[in-house]
Amino acid sequence: MRARRALLYVPASDWHKLQKAATLGADCVCLDLEDGVAPNMKAEARQLALRALQELDFGRSERLVRLNGAESGLQAEDLAATLPGRPDGLVLPKVSHPEQLRQISQQIVQHEAAQGWPAGSLALLAQIESALGLVNAREIASGEPRLQALIFGAEDYASDLGAKRSTEGREVAYARSAVVTFAAAYGLQAIDMLWVDFRDGEGLARLAAEGAGLGYSGMQIIHPSQIEPVQNAFTPSTEELAAARRVVEAYEANIAEGRGAFALDGKMVDMPIVKAAQRVLARAGE
Ligand code: COA
Ligand code: MG
């Protein structure tokens, strides 16, 4: 699966930002038709999203479109208006039931067939951002082959619960851990919550390191200044890579001599630690 370390939202109603977003080198650029767009700008946003997909060169960035939610009454038109631009994938917000993914996927199947695009090539990424979405996360994560990632939406989730947002995020800790767990259980990527205070680089770095530590493979972002620190936070550092290589090498030497558990720098190493090291290497493409 492709790297999705930073997923940058751009309100699709803003042509200047769309043009800019295409040049920034984010792993994913998400043309937003949902909550970043004012209700009276939805039609305009659809047209500009299509134009951006058709006219702008996004370089190595994945081109995603975030539709409005299944219950908004806007989704069918969002889909019809933007599919002709052949995005790489769709972000579906406020997913609360697996049926919502199935319905979208059926419409995509028809469009792929009509256009002669390879079946299943268009990816889906589902946002879990409500109590019901979290309760149904197992069915949502397991039912749709096109689904590649779960995205945790902390702001909507907290608001659905009536929880008060705090800097430490204790009120969303359970859901944040649950989303990454459901994603791992079904072989999906997990994309973490936002840091909305985009002038606060320290807070961003703290949250990104925490998300990477929890097992997330990337996070959502809203501002160009957040791309580089976030993509770095979700890339293993040189020290982490060196340590992981040492563990794997020591493991190989030890199993050759019939030892599954061994000591390295005064600490016990066995299979879970070796697997974690292998994952770090895989993340860096080794
Ligand atoms: N994508 C592309 N370009 C962006 C951008 C984004 N998400 N956010 C800001 N920029 C551009 C600005 O247009 C500006 O460009 P310029 O220097 O060429 O004029 C530059 O980056 C610096 O922006 P800045 O002045 O610091 O911020 P702003 O006041 O223009 O915008 C926000 C602040 C929060 C409104 C803006 O970052 C934004 O729209 N973020 C995405 C919001 C969104 O999609 N929300 C829904 C999903 S959670
Ligand atoms: Mg949301």
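Residues numbered from 1 in each chain as written. Chains lettered and ligands numbered in written order. Predicted model: local features only at pLDDT ≥ 70, side-chain atom pairs only at ≥ 80, totals over all residues. Heavy atoms only, no water.

### What to know about the sheet that holds strand S1 (residues 6–11)
Definition in use: Strands are labelled as partners when DSSP assigns at least two bridges between them. Secondary structure elements follow DSSP: runs of H or I of four or more residues count as helices, runs of E of two or more count as strands, with numbering from the N terminus. Geometry is summarised by axes, namely lines fitted to C-alpha atoms with helices restricted to the contacting stretch, and by angles between N-to-C directions that run from 0 to 180 degrees.
The eight strands are arranged S1-S2-S3-S4-S5-S6-S7-S8 in a closed barrel whose pairing can be described as parallel. Neighbouring strand axes in the sheet, compared pairwise and without regard to direction, differ in orientation by 25° on average. Pairing geometry for strand S7 (residues 189–192) and strand S8 (residues 218–221), over two bridges, is parallel. Residue pairing across strands places Ile 191 opposite Gly 218, the latter belonging to S8.

### Description of the domain arrangement of the protein chain
Applicable threshold: As used throughout, domain bounds are those supplied by an automatic or database domain assignment.
Each assigned domain of the protein chain is listed here: domain 1 (6–233) and domain 2 (238–283). On a C-alpha basis, the centroid separation for the pair domain 1 and domain 2 is 35 Å.

### Quick look at the coordination of the magnesium ion (ligand 2)
Rule in force here: Note that water is not among the atoms used; donors are N, O and S atoms within 2.8 Å of the metal (3.2 Å for Na, K and Ca), so sites may look incomplete.
In the first shell of the magnesium ion (ligand 2), the protein supplies Glu 129 (OE) and Asp 156 (OD), at 2.0 to 2.3 Å from the metal. Taken together, the positions of Glu 129 in the loop between strand S5 (123–128) and helix H5 (131–135) and Asp 156 in helix H7 (residues 154–161) put the pair 27 residues apart, joining distant regions of the chain.

### Quick word on the pairing of S1
Each regular strand shows side chains that alternate between the opposite faces of the sheet. Filter applied, for reference: Only protein chains enter the accessibility calculation, which uses a 1.4 Å probe. A residue is then buried if its area is under 20% of the maximum for its type, exposed if over 50%, and partly exposed in between. With the strands pointing away from the viewer, any crossover whose connection runs clockwise from the first strand over the helix to the second is right-handed.
Extensive coverage of S1 is indicated by the burial of five of its six residues. Where S1 and S8 come together, three bridges link them in parallel fashion. Across the sheet, residue Leu 7 finds its bridge partner in S8, namely Gln 220. Handedness of the crossover joining S1 and strand S2 (residues 28–32) through helix H1 (residues 15–21): right-handed.

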